[in-house]
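Structure at a glance
Each chain, letter by letter, is given below.
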Amino acid sequence: MSNEMKMTEIIAELERIDGLYERYQHLDRQMNGISGEKEKEDEALGNDVVLTLHEYREAQDEKFNAKKPSIAAPCLAAPPCAPEKPKDITAKNFFMASASGLVALGSFIIWCVLAALNSDSILVGLLSGLLTIVILGAAGYWFAVGSHKVTAVVEWQAKQAEWEKQQAEWEAAFNRAATEQESQRFLAECQTYDTAFLSLVDVCSKKYREEFARYEAGLEAIKDKYLKKLNDIHEEIQGVLTQLEQVTLIHSSLIPSAWRILNMLRTGRADTLKEAINLAADEERKDAEEAARQEEAMQQQRLMEQQAHDARMHNAAMERAAEEEARAMRAHNAAMERAAADQARAAERQAREAAKQTEMAKQQARDAQRAASARCARCANYSKCSYQVRQNAANCSAYTPK
Amino acid sequence: MGFFYSPMKLVALLKSSSAIANATKINGATWYMSAAGKDAYQKATTPAQKTMFFFEYLTAISSDAKNREVLHKIAYVIAYAVEGSSLAYGSFPDILDPDKNPLVGYVKTHKLTATDHTAYGLTLLAALHGEKEANRYLKEEYKPYARLTYCEADGKVSDLYRVERAIISAFCTGFKGQYMPPYMYEIVESANTENEEGSKNA
């Protein structure tokens, strides 16, 4: 009887513990809900402030009408590109180059004069020989080196003259634009722009400070609004936790399993508290294992579904590819058939054309023969000619009109 | 290529051999620092001549001389705002010294291969202010406008102001909006930065 009484007390205590624990969980959920609501209100307030600031900025931007400072366009236009200078030109080698051309030409003229004299003098002969050597040397240098340098310089001079004209125009335009007045205008534009921009920054910063103050005040109001509720719940939670801490019947780690232990005792599956705790722990482990198994099975199921989906997609893609290939093949065959039919029609048309040509040629031959016979009949010598000659009237050259 | 020239033409070329040799000589970077370079610098009196002098010098020291537009704009900024100013590198020869004039130093040390001129403008401003982060001149959250020099209360403008505004107006014109870098201001971001800086200072 005393054992039964004791068991009744244990069950009553376990019911109380379970009730306290449920209450604790309920309060905890309530507290989380209230915190979530507060966070949402905080966020909504923040978004409202940001939106207000952006709208304010847009309105300010519309009012901002300062002209962007600009430099006169000719000052920013790059100068014309100068022609590339010929390389390796020094006073000495260019003198040699020009001189070689002149020497070769001069020597050649003198040599021609001497040759024209046709003198038997030894002096003239020696001079001619010497000039020949000079001509060969100077001309060799001229053709190998001198003419290249002279040509490069002459071409560069031509391009340089053109560039100098363009450069002079560029400089004139630049100097016209880069005046002191222009500089003053540019700096004045800069100052106007700076002033307008800094004013915009000032008014926007002021607006921001106002909005930030509103934001902070709003946060404070929201905090006050929820603080009382949270404090009440918090106090109640503390009370429940104090009662749970005072529990001596079971270890504090077993409090969440109190309902299981209670169930074991109520249904008679355990006779003592210790046995009920062990059974509850065992059941909890099994439940955990079952939950893990179910989770694994669900994962497997998801994996298989994904694989099946992938396979279906792959097959569908393969089918589409095969279908497209078949369609392409059919289109190709149809094109080939059309081409063959076109070719056959073209060949037939050509054959008909050839037959028509042949018929026309025959007709022309017949017409020619008829005309020749008629002409032969009108000939004065008709009666004198033999039958064979008359048959060959087309080639007859002895036609004499009657 | 021609092999045949009139004797008169050859005589004329012969006479002007020295002048031609001088005219076809390509001046290296060191020439501009020499007495002949100084002479050329002093002879350049008009804005166009000054710009051309700096343009040719920048072309000589740059590894990307083909980017003529950018080199010309930098030469213009130097000729317009740096030359003759009270800046430490405002006169010859410091104006040509890459270690003293940050704009010349920029041309010597940077590749000029980008097509976006705004990027050049911002990096030039960074170089001018002795900073490495050109991003700070583009992103609103860094309040780039705060890094610029502004005119004084009496309306006077400093030499640095002229250089900055010439760079901005020459390079940072690609933006379609009303504001151009580094005039960038975003009300929320900028204010957040203000708060962060304020809390750091506190």
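The rules behind the values
- Residues numbered from 1 in each chain as written.
- Chains lettered and ligands numbered in written order.
- Predicted model: local features only at pLDDT ≥ 70, side-chain atom pairs only at ≥ 80, totals over all residues.
- Heavy atoms only, no water.
- Helix = DSSP H or I, 4+ residues; strand = E, 2+ residues; numbered from the N terminus.
- Rg over C-alpha atoms; globule rule 2.2 N^0.38 Å.
- Contact = heavy atoms within 4.5 Å.
- Areas by Shrake-Rupley, 256 points an atom, 1.4 Å probe, with all protein chains shown as cover.
- Lys, Arg positive; Asp, Glu negative; His and termini not counted.
- Charge placed at Lys NZ, Arg CZ, Asp CG, Glu CD.
- Phe/Tyr/Trp six-rings, centres within 6.5 Å; stacked < 30°, edge-to-face > 60°.
- Buried < 20%, exposed > 50% of the residue type's maximum accessible area, 1.4 Å probe, protein only.
- Core = buried A, V, L, I, M, F, W, Y, C linked by side-chain atoms within 4.5 Å.
- Domains from an automatic or database assignment.
- Salt bridge = Lys/Arg side-chain N within 4 Å of Asp/Glu carboxyl O.
- Buried area = accessible area lost by both parts, 1.4 Å probe.
- Polar contact = N/O pair within 3.5 Å; in protein donor to acceptor, adjacent residues only side chain to side chain.
- Disulfide = S-S within 2.5 Å.

Some thoughts on the overall build of chain B
Counting secondary structure elements, chain B contains 10 helices and zero strands. The linear arrangement of helices and strands in chain B, starting from the amino end, is α-α-α-α-α-α-α-α-α-α. In terms of C-alpha radius of gyration, chain B reaches 22 Å, well past the compact-globule figure of 17 Å for 202 residues. Considering only contacts in chain B between residues 6 or more positions apart, those separated by 24 or more positions represent 56%. Of the roughly 9700 Å² of accessible surface on chain B, 53% is carried by carbon and sulfur atoms. Between the mean site of the 22 positive side-chain charges and the mean site of the 22 negative ones, chain B shows a separation of 11 Å.

Details of the packing of aromatic side chains
Scanning the entire structure with this criterion turns up 22 aromatic pairs over all chains. Aromatic pair Phe 197 of chain A and Tyr 179 of chain B: ring centres 5.8 Å apart, planes at 65°, arrangement edge-to-face. Note that Phe 197 of chain A is positioned in helix α5 (residues 180–245) and Tyr 179 of chain B in the loop between α9 (159–171) and α10 (187–201), a pairing that runs across two chains. Judged by its relative accessible area of 0%, Phe 197 of chain A is buried. By relative accessible area, Tyr 179 of chain B is classed as buried at 12%.

Comments concerning the nonpolar core
Leu 58, Ile 74 and Leu 103 of chain B are the most contacted members of the largest nonpolar core, which totals 76 residues. Among the elements that make up this core, the one with the highest residue count is helix α6 (residues 68–82) of chain B (11 residues). Both domain 1 (2–70 + 188–269) and domain 2 (91–177) of chain A contribute no fewer than three residues apiece to this core. Apart from residues lying up to four places away in sequence, Ile 74 of chain B is in contact with Leu 58, Leu 103, Tyr 106, Val 107, Leu 124 and Phe 171 of chain B. Residues Ile 250, Ile 255, Met 264 and Leu 265 of chain A belong to the second largest nonpolar core, which totals 29 residues.

Describing the domain arrangement of chain A
The assigned domain composition of chain A is domain 1 (2–70 + 188–269) and domain 2 (91–177). For domain 1 of chain A versus domain 2 of chain A, the separation of C-alpha centres amounts to 97 Å.

A short note on the environment of Ala 258 of chain A
Residue and element names in this part refer to chain A. Looking at the secondary structure, you find Ala 258 in helix α6 (residues 258–266). Note: C-alpha distance between Ala 258 and Lys 92 (166 residues apart in sequence) is 113 Å. Ignoring sequence-local partners within four residues, the contact set of Ala 258 consists of Leu 14, Ile 17, Asp 18 and Ile 250.

Overview of the pattern of salt bridges
Residues and elements named next belong to chain A. Inspection of the entire model under this criterion finds 34 salt bridges over all chains. Between Arg 285 and Asp 282 there is a salt bridge; the shortest N-O distance is 2.4 Å. Highlighted residues: Arg 285 and Asp 282, both in helix α7 (residues 273–377), separated by three residues, approximately one helical turn. For Asp 282, a relative accessible area of 26% corresponds to the partly exposed category. One connected set of salt bridges, linked through shared partners, spans Arg 260, Arg 269, Glu 283, Glu 284 and Asp 287.

Considerations on the interface of chain A and chain B
Note: interface size is frequently given as the accessible area lost on complex formation between the parts. Taken together, the contact pairs 62 residues of chain A with 59 residues of chain B. Where chain A abuts chain B, roughly 5500 Å² becomes buried across the two surfaces, and 68% of that area is made up of carbon and sulfur atoms. A per-residue breakdown of the area chain A buries against chain B is headed by Lys 68, Phe 197 and Tyr 208 of chain A, which together make up 10% of the total. Linking chain A with chain B are one salt bridge, by the criterion used here. With a closest N to O distance of 2.9 Å, Asp 194 of chain A and Arg 165 of chain B form a salt bridge. Taken together, chain A and chain B are joined by 16 residue pairs in polar contact (both at pLDDT 80 or more). Taken together, the elements giving at least two residues each to the side of chain A that touches chain B come down to α1 (2–63), α2 (73–76), α3 (91–117), α4 (122–177) and α5 of chain A. At 16 residues, the largest contribution of residues to the side of chain A that touches chain B is made by α4 of chain A.

Description of the state of the cysteines
Residues and elements named next belong to chain A. This structure, assessed with the given rule, holds zero disulfides over all chains. As a non-bridged cysteine, Cys 81 has Cys 75 as the owner of its nearest cysteine sulfur, 20 Å distant. The class of Cys 81 is exposed, set by a relative accessible area of 54%. Cysteine Cys 379 remains unbridged, with the sulfur of Cys 376 as its closest cysteine sulfur at 6.1 Å. We classify Cys 379 as buried; its relative accessible area is 4%.

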